[in-house]
Each structure stands twice: as C-alpha cells, then as structure tokens.
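Structural characterization, general
Okay, here's what each chain looks like letter by letter:
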Amino acid sequence: MKKPASATDPLWYKSAIIYELHVRAFSDSNGDGIGDFPGLISRLDYLQDLGITCIWLLPFFPSPLRDDGYDISNYVDVNPSYGTLDDFKSFLKGAHQRNIQVMIELVINHTSDQHPWFKAARMAPAGSPQREMYVWSKTDQLYKDASIIFTDTEKSNWTWDETAKAFYWHRFFSHQPDLNFDNPLVMEEVLKAMRFWLDMGVDALRMDAIAYLVERDGTSCQNLPETHAVVKRIRAAIDAEYANRFMLAEANESPADVRPYFGDGDECQMAFHFPLMPRIYMALRQEDSLPITDVMAQTPAIPDNCQWGLFLRNHDELTLALVSEDERDYMHIAYSNDPRMRVNGGIRRRLAPLVDNNRGRIELLNSLLLSFPGTPILYYGDEIGMGDNIYLGDRNGVRTPMQWNSDRNAGFSRCDPARLYLPVVMDPIYGYQVVNVEAELSDQSSLLHWMRKMIALRKLFQVFGCGSFSFLKPANRKVLAYLRDIERGDGSHETVLCVANLSRFAQPVALDLSAYRGAEPVEMLGYVPFPTITEAPYVLTLAPYSFFWLELQPPNAKPA
Ligand code: NOJ
Ligand code: CA
C-alpha cells in the first residue's frame with residue numbers, strides 16, 4: 001500500500017499555484033526577531049485567501065546559516081530558531097486542512113561542513129566509506145572543466161582540508177562540501193532523509209542543485225548520465241512507497257539540457273524554466289516579443305505527466321547564466337545600473353523595483369506568469385509589491401521581513417528593531433509604512449486585490465495548467481499573442497486567447513483567428529463579450545502594458 005498524500009489528484013501540481021517563502025522571513029511569534037512555524041501558522045489564512053494552493057518552504061533545517069539554510073547540518077530536524085518538529089507538523093496539518101500542499105527542499109548535492117558526516121569524513125581513513133561520503137582529491141587539478149557558480153566569493157571548486165590532508169570538492173561555497181554519489185552509503189542516507197519528511201506527509205520536494213550531483217573528469221560535471229541515474233533512483237523510491245507526490249528539478253540549464261530531468265516521465269515531474277525568465281524581462285524592456293517567442297521555440301515538448309515551473313523572481317539573484325554576453329550587458333544596463341544591484345553575474349532585486357514600481361508592468365508580467373504553459377510560482381512579498389535593500393550582502397536584499405502592516409517592524413515581529421534577522425524595508429517608496437498587507441487589504445484597487453482576483457480567475461480554467469500552447473504571429477511584434485486550448489471530457493474545447501502589449505504606448509494588433517470564425521471572445525475578468533470572430537483579421541487595440549484574456553466561446557454558447 002502506498003502512503004497517501006493530502007492531494008487526491010495525482011497530477012495536482014499541474015494546476016497548482018505555488019508560493020515560495022522562508023519561515024524566517026514570514027512571521028515571528030515569540031519576539032526574537034526571527035520568523036518561526038507558529039508565526040507562519042498564524043498567517044495560513046492569509047495565504048488561503050490569496051488563493052495559492054502549495055507552499056514552497058525554503059530550507060528550515062539545522063544549519064550554520066551561511067547560505068540561508070542551504071548549508072544543512074542535520075537533514076531530519078527543524079532549526080530551533082524556527083521552532084520544533086512538532087511545530088512543523090502543526091504547520092503541515094494547518095496547511096493541509098486548508099487544502100494547501102507543502103513542498104520542502106531536498107538539498108543533496110552538498111551539506112554544511114558542520115554536518116556530522118563531514119566532520120567524521122575528515123578524520124576517517126582515506127578510502128573508507130565514512131571518508132568517501134564526500135569527494136576528495138590529492139590535487140585541485142581534477143574536474144577543471146566545471147564552472148564556478150559563486151564567482152563573487154569562490155576562486156576554485158576545491159578547498160584544502162588540513163585534517164584530511166586532501167582537497168574536497170564543492171560546487172558552491174567552500175563551506176558546502178559536495179556529497180559523493182559514487183558511494184552507495186550516500187544514496188542510502190539521502191533516501192532515509194527523504195522518507196522522514198514524506199512519511200510525515202510532505203507533498204513535494206524541490207531538488208536543489210540537481211545538475212551537479214556527480215562529477216567526472218573531462219566533463220562540465222553537469223547533467224551527467226550518472227546524475228540522471230541518481231534522480232531516477234530517487235523517483236523510483238518515491239513511486240514505490242508514496243502516492244501523489246512530486247519532485248521539482250532546480251537545474252539552471254538550457255531547455256534542451258533540462259528536458260532530460262523529466263526523463264520518460266520517470267525523473268522529476270516538474271522543472272523550473274530558467275531561460276524563460278530573463279527573456280520575459282528583455283521582451284518587456286525591448287518592447288519586442290521576440291526574446292519570448294524565441295526561447296519558447298527552443299523549449300522541447302515534455303511528457304504528459306510533467307510540467308514546467310514558471311517564476312518571475314525568487315530568493316536568488318535573477319540569474320543571467322543562460323543569456324548571451326550581449327544580452328547580459330543589456331540586462332545589466334536595463335535592470336541593474338548600480339553595481340550594488342548585482343551578484344554572481346545576476347541581478348539581486350525584487351519584481352516591483354525591477355520594473356520601476358510601474359503597476360502596469362507588474363500586472364503584465366504576472367498575467368504572463370499566470371497564463372504561460374506551466375505552474376506559476378510566486379515569491380513572497382511580490383504580491384504586495386515589496387521592494388528590496390541592495391545595501392545588504394549576498395542575496396539578503398530580497399529576503400527581508402514580510403510587510404504585514406505599518407506597525408513596528410512591519411507587524412512581522414514585536415522585537416527591538418535592532419534584533420531583526422534583517423532590517424525591514426523602510427525607504428519612502430517600498431517601505432512598510434506604504435507597502436503592507438493590511439493597507440492593501442483595505443484598498444480595493446491594490447496590487448494584492450488584483451493578484452487575488454487573477455489567481456482566482458486562473459483557477460477557474462483548467463486550460464492554463466493543463467492545456468496546449470501556441471503563438472499567433474501578428475505583424476506588430478510589440479504585442480505578444482498566444483492560444484491555450486484543452487479538450488474537455490464532453491469533447492468541447494476550453495480555448496483562451498491571451499494578448500499582451502509589451503509597449504509603454506498604446507498598440508493596435510491584427511490577429512489571424514480565421515480558424516475560429518464564428519466564435520465569440522469573452523473578456524474573462526469582466527465577462528464582457530467582444531465582437532464575433534470572422535474570416536477577416538481580428539483587430540484589437542491595447543492600452544500601454546495592457547493585456548486581454550479572452551475565452552473563445554463557440555457560436556451561440558450559453559454563458560457559464
Ligand atoms: C540553489 C539555491 O536556490 C541557492 O539559494 C543556494 O545558494 C544554492 N542552491 C546552493 O545550495
Ligand atoms: Ca521567532
């Protein structure tokens with residue numbers, strides 16, 4: 001008997017709306033300046049009202065917190081700053097009671113150097129299974145073709161360990177030694193940790209840094225067949241024991257290189273679409289749909305049970321690893337003129353400041369996020385238009401406390417402001433006195449209300465999560481137009497036409513919709529009928545940065 005999950009539909013992730021948050025940043029219940037599980041539980045109603053259906057929790061395990069918890073020192077416990085295992089269980093229960101699923105992190109490429117495995121490995125005899133939990137070498141000249149990821153801090157992927165008298169391999173910070181998947185003990189331990197959380201009822205796993213699991217000399221040490229074998233092994237273990245769970249691949253790779261992480265439907269059910277994201281920002285700034293249509297043309301088909309994970313921003317820098325040098329220069333000029341806005345070659349800013357707090361642009365980007373083929377992933381605070389703090393180190397500028405109201409510490413914590421894990425945003429545009437949940441809830445025209453409406457609308461139409469996708473090719477490239485379509489059980493079709501004006505000026509567009517002649521487009525936000533489609537080009541005019549979602553209803557359809 002497989003262990004059941006909280007979701008009953010095995011493909012639930014296709015229609016999910018995922019909300020990414022860090023427990024540390026969300027709500028502090030005990031006044032120590034650090035968000036915790038009891039605090040998060042007290043905000044579950046907020047998330048339910050927002051309409052999201054799955055919470056992605058950033059790492060909450062015991063950790064020295066030198067990489068915000070991605071440096072794990074114990075896989076099977078909760079960091080005491082955030083609460084206890086029982087608190088986590090109460091949170092999980094509270095989420096499930098609200099029909100919200102929970103995704104956590106499975107960070108298996110590396111551990112903290114403070115993990116007992118690493119402490120033991122350094123002391124253990126060379127060649128012993130304890131030592132071989134990690135990747136050691138007498139020289140730092142192996143795996144020369146592997147790139148360095150944290151270019152601002154690391155000069156090499158090898159660090160000398162005086163105790164072990166050997167170099168150890170780390171694809172990220174030097175305090176994050178990589179686990180050695182050539183040692184069967186590693187897989188055993190990883191599966192144990194995974195079962196610990198899945199047994200408790202966790203619904204999904206984000207597979208951190210999954211492209212780097214195995215190293216081989218003479219290769220880039222990314223996406224190796226041996227790495228895919230590891231992923232398949234983990235998936236098989238899940239399928240054997242658990243129902244209705246999923247794995248999400250974090251592989252910052254080209255679409256062609258990400259595609260194998262879906263396997264034949266036997267690796268990850270979901271993978272982030274990394275290359276799409278910077279191209280959405282390019283298209284917006286260039287007022288040209290080409291960067292988007294181009295990357296979508298390079299995106300291969302994926303198995304039926306699989307899904308792309310789409311996002312505009314997350315807890316990391318806006319990565320530019322997958323754009324050309326010219327495009328990177330362009331993105332830096334357009335979006336991060338001040339060098340403080342950059343880290344590791346990417347851009348460490350939040351959504352609202354990236355688009356100069358322009359409401360039209362924020363809505364336009366979210367309309368794409370919610371209507372492109374895939375599952376949308378929102379980053380906490382972006383639903384209220386939170387700002388960032390580029391004067392904080394590393395990626396902390398986009399990890400500041402959630403802004404709940406205009407009280408002390410933005411209602412996040414009752415502590416002395418000096419005690420907060422990070423300062424709240426206080427500038428005159430994005431500061432918590434102006435941008436906060438309470439104010440936006442009482443303002444019917446706030447971004448928060450708009451987001452709630454859009455999420456609710458998306459959830460009414462199966463086509464967004466599960467339907468096919470095709471571009472129309474209007475002559476005016478400032479306008480992006482695409483069709484989503486799905487056949488319903490009764491043979492009829494749910495068809496949605498999305499049209500988005502990427503320009504800061506009004507634009508006309510003529511669309512060839514002759515294949516739909518006779519159909520009546522209905523604007524979905526207001527349920528407003530538009531002129532019937534004929535053989536002739538269908539002409540629309542769009543205000544700056546505006547978009548339409550139009551349901552194409554067959555002639556004489558009764559409004560639902
Ligand atoms: C990817 C995570 O998103 C990032 O925050 C972290 O620093 C690296 N993995 C290393 O764990
Ligand atoms: Ca606390």
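All values derive from a computational prediction rather than experimental measurement.

1. So, the site of ligand 1
- Residues in contact with ligand 1 amount to 13 residues; listed here are only the nearest, Asp67, His110, Asp208, His315 and Asp316.
- Side-chain polar atom of aspartate 208 to a nitrogen atom of ligand 1: 2.9 Å apart, as the coordinates give it.
- A distance of 2.5 Å is found between an oxygen atom of ligand 1 and a side-chain nitrogen or oxygen belonging to aspartate 316.
- Bound to the protein, ligand 1 loses 97% of the 290 Å² it would expose on its own.
- Taken together, the residues of the shell around ligand 1 sort by class into three nonpolar, three polar and seven charged.

2. Focus on the coordination of the calcium ion (ligand 2)
- Around the calcium ion (ligand 2), the protein contributes the donor atoms Asp28 (OD), Asn30 (OD1), Asp32 (OD), Ile34 (O) and Asp36 (OD), which lie 2.3 Å from the metal centre.
- Of note, the donors binding the calcium ion (ligand 2) are all from one chain and are spaced D-x1-N-x1-D-x1-I-x1-D.
- When its relative accessible area of 3% is taken as the criterion, aspartate 36 is described as buried.

3. Some thoughts on unusual backbone geometry
- One non-glycine residue, asparagine 223, lies in the positive phi region at around 60 degrees.
- Mapped onto the fold, asparagine 223 is located in the loop between strand 7 (204-207) and helix 7 (225-241).
- With phi around 55 degrees, aspartate 356 is a residue other than glycine that occupies positive phi space.

4. A word on the pairing of strand 8 (residues 246-249)
- Taking every second residue as pointing to the same face, both faces of strand 8 are buried, with Phe246 and Leu248 on one and Met247 and Ala249 on the other.
- Pairing of strand 7 with strand 8, which is carried by four bridges, proceeds in the parallel orientation. Looking at strand 8, one finds that methionine 207 is bridged to alanine 249.
- Read as a crossover between parallel neighbours, the route from strand 7 over helix 7 to strand 8 is right-handed.
- Sheet topology places strand 8 next to strand 9 (residues 270-272); two bridges connect them, and they run parallel. Within the sheet, the bridge partner assigned to alanine 249 lies in strand 9 and is alanine 271.

What counts, and where the lines are drawn
Residues numbered from 1 in each chain as written. Chains lettered and ligands numbered in written order. Predicted model: local features only at pLDDT ≥ 70, side-chain atom pairs only at ≥ 80, totals over all residues. Heavy atoms only, no water. Near = heavy atom within 4 Å. Polar contact = N/O pair within 3.5 Å; in protein donor to acceptor, adjacent residues only side chain to side chain. Areas by Shrake-Rupley, 256 points an atom, 1.4 Å probe, with all protein chains shown as cover. Nonpolar A, V, L, I, M, F, W, Y, C, P; charged D, E, K, R; others polar. Donors = N, O, S within 2.8 Å, 3.2 Å for Na, K, Ca; no water. Buried < 20%, exposed > 50% of the residue type's maximum accessible area, 1.4 Å probe, protein only. Helix = DSSP H or I, 4+ residues; strand = E, 2+ residues; numbered from the N terminus. Pairing = 2+ DSSP bridges. Right-handed = clockwise from strand over helix to strand, strands pointing away.

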